[in-house]
Amino acid sequence: MPPKTSSKSSNKTPRPPKPVEEQLKRHFNSLCAQVDGGHFKNAIKTCEKILRLSPDDQDALRTKLFLLIQTDQYQSALDLISSFTTDASKYEFERAYLLYRLQSEKESSELVKQLKETGSHDDNRGLLHLEAQLKYREADYEAARDLYNDLLDSCPPDTDEHPDLVTNLNATESHIDFLNSGYLSALSALETPVDALEEAGAPSLLPSTSTTVPVISKTESSAAAPAPTTANKPPRKSRLPKHVVLGVTPLPDPERWLKKKERSSVITARSQAAGRKGKKRGGEGMGTGMTQGVALPAHVSERAAAPSSTPSVAGSKKGKKK
């Protein structure tokens, strides 16, 4: 007997796609929540969804660049800057920083020099930070020390930048002290004079001692080899379900193997109920929440849609039974 076909299913038409503006607003709302929650990898995927709908969206491009730098994907961020068709010159400082992180100090120094000469970069303080880091990596410790001193003079002591500058300045001064006098004290602490070490030359290598390995037949090796035991096997790694993420997914109840009447939560509830016996029961519910994370760029938060003012149906009061 052939299966019956429903007239409703045959006449059902697919829903038309939502307008692009509505899709973009929904994606920007998701992007705000993901960045605020620190879910940078998912935020990058959301940026790619936005760019598929609007390839030239500058807000999505800048946010993706910010997220790639935050997740240490420096080569991908550099490729993204190279793909910009418009306003690529606005990201020369980011290009110099990425080249510095990719160990291309020479190209990064040239870009920093150009930015200082033209004055096209607004964040002069960030440019000084990058220049000091480049000088330190190039072993020009005196120039790095001067830059760190200039930055430290204009930095308030109650900011997060101040301890970082003090740490970098101390590291630079320790290198300068070692080059000026530290290595002399290290040489004087040696038991053998330096002239004797220079005349001795490099030590000779010890002669290699070759040992012959006896050849064992297949039958002898199988007889001499001990029988495999299961006790020598390494412990089996624990397998987690695919949906479980360590540190994110809540841990299971440790008392799930006990009967409900033997669990501590049930015993505590019973004891509290016994103490309140005969009294009128009442209570209030309160939900609290907290959202924390890195600050989202202002150009993304402005594109996010405002929250709806329609009250929730699930939160409506129900009438009590008389």
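Residues numbered from 1 in each chain as written. Predicted model: local features only at pLDDT ≥ 70, side-chain atom pairs only at ≥ 80, totals over all residues. Heavy atoms only, no water.

A separate point is the environment of D56. Tracing the backbone through its elements, the reader meets D56 in the loop between helix 3 (40-53) and helix 4 (58-70). Measuring from C-alpha to C-alpha, the distance between D56 and T86 comes to 8.9 Å, with 30 residues separating the pair along the chain. (Helix = DSSP H or I, 4+ residues; strand = E, 2+ residues; numbered from the N terminus.)

Here we take up the nonpolar core. By size, the foremost hydrophobic cluster in this structure holds 34 residues, and its most contacted members are L31, L65, L67, L98 and L130. Listed by contribution, the elements that provide at least two residues to this core are helix 2 (20-36), helix 3, helix 4, helix 5 (74-82), helix 6 (92-101), helix 7 (105-118) and helix 8 (124-137). Not counting residues up to four positions away in its chain, the partners in contact with L65 are A77, L80, I81, Y91 and E94. Grouped together as the second largest cluster of nonpolar side chains are nine residues, A132, L147, Y148 and C155 included. (Core = buried A, V, L, I, M, F, W, Y, C linked by side-chain atoms within 4.5 Å. Buried < 20%, exposed > 50% of the residue type's maximum accessible area, 1.4 Å probe, protein only. Contact = heavy atoms within 4.5 Å.)

Before going further, it helps to spend a moment on the pattern of salt bridges. Under the definition given, this model contains six salt bridges. In this structure, K64 and E48 form a salt bridge, with 3.9 Å as the shortest nitrogen-oxygen distance. Of this pair, K64 sits in helix 4 while E48 sits in helix 3; the two residues are 16 residues apart in sequence, bridging distant segments of the chain. Among the ionic pairs, D59 bridges to R62, the shortest N-O distance being 2.9 Å. Of this pair, D59 and R62 both sit in helix 4, three residues apart, which is roughly one turn of the helix. The exposure class of D59 is buried, given its relative accessible area of 14%. Residue R62 is classed as partly exposed on the basis of its relative accessible area, which comes to 30%. (Salt bridge = Lys/Arg side-chain N within 4 Å of Asp/Glu carboxyl O.)

Inspection of the secondary structure puts R95 in helix 6. Here R95 is in contact with L78, I81, S82 and L111, once residues within four sequence places are set aside.

Here E131 lies in helix 8. Those residues in contact with E131 that sit more than four places away from it in its chain are V112, K116 and L147.

On inspection of all chains with the given rule, the structure shows three aromatic pairs. Taking the centre distance of 5.5 Å and the plane angle of 70° together, the rings of Y136 and Y141 count as edge-to-face. Among the residues examined, Y136 registers a relative accessible area of 28% and is labelled partly exposed. Given the relative accessible area of 15%, Y141 is considered buried. (Phe/Tyr/Trp six-rings, centres within 6.5 Å; stacked < 30°, edge-to-face > 60°.)

Moving on, we get to helix 5. Looking only at helix 5, the buried set comprises Y74, A77, L78, L80 and I81. Projected onto a plane normal to the axis of helix 5, the buried residues spread over an arc of 155° and lie on a single side. Turning to helix 5, the residues buried within the fold contact helix 4 and helix 6. (Arc of directions from axis to C-beta.)

So, about helix 7. In an α-helix, one turn spans 3.6 residues; hence positions three or four apart end up facing the same way. With 14 residues, helix 7 extends 20 Å from end C-alpha to end C-alpha; this agrees with the ideal 20 Å at 1.5 Å per step. Of the residues making up helix 7, those classed as buried are E105, S108, L111, V112 and L115. One side of helix 7 holds all its buried residues, which, seen down the axis, span an arc of 125°. Away from its buried face by more than 90 degrees, helix 7 exposes K106, K113, E117 and T118. Looking at the packing, one finds that the buried side of helix 7 touches helix 6 and helix 8. G119 occupies a position one or two residues after helix 7 and carries a positive phi of about 65°. (Expected span 1.5 Å × (residues − 1).)

A few words on a positive patch on the surface. On the surface, a cluster of positive charge is contributed by K12, R15, K18, R26, K41, K45, K49 and R52. A total of four residues in the positive patch trace back to one element, the largest contributor, which is helix 3. Inspection of the secondary structure puts R15 in the loop between helix 1 (7-11) and helix 2. By relative accessible area, which is 79% here, R15 ends up exposed. (Patch = residues over 30% accessible without salt bridge, like charges linked within 9 Å, V, L, I, M, F, W, Y side chains within 5 Å. Areas by Shrake-Rupley, 256 points an atom, 1.4 Å probe, with all protein chains shown as cover. Lys, Arg positive; Asp, Glu negative; His and termini not counted. Charge placed at Lys NZ, Arg CZ, Asp CG, Glu CD.)

What follows is about the packing of helix 4 against helix 5. At a closest axis distance of 8 Å, the pairing of helix 4 and helix 5 adopts a crossing angle of 155°. One way to sum up the angle between helix 4 and helix 5 is to call them roughly antiparallel. Note that helix 4 runs across helix 5; the crossing there is left-handed. Contacts from L61, K64, L65, L68 and I69 in helix 4 reach Y74, S76, A77, L80 and I81 in helix 5. In terms of residue class, the contact of helix 4 with helix 5 is built from eight nonpolar, one polar and one charged. (Axes fitted to C-alpha atoms, helices over the stretch in contact; angles between N-to-C directions. Parallel < 35°, antiparallel > 145°, perpendicular 65-115°, else oblique. Left-handed = near helix turned anticlockwise from the far one by under 90°. Nonpolar A, V, L, I, M, F, W, Y, C, P; charged D, E, K, R; others polar.)

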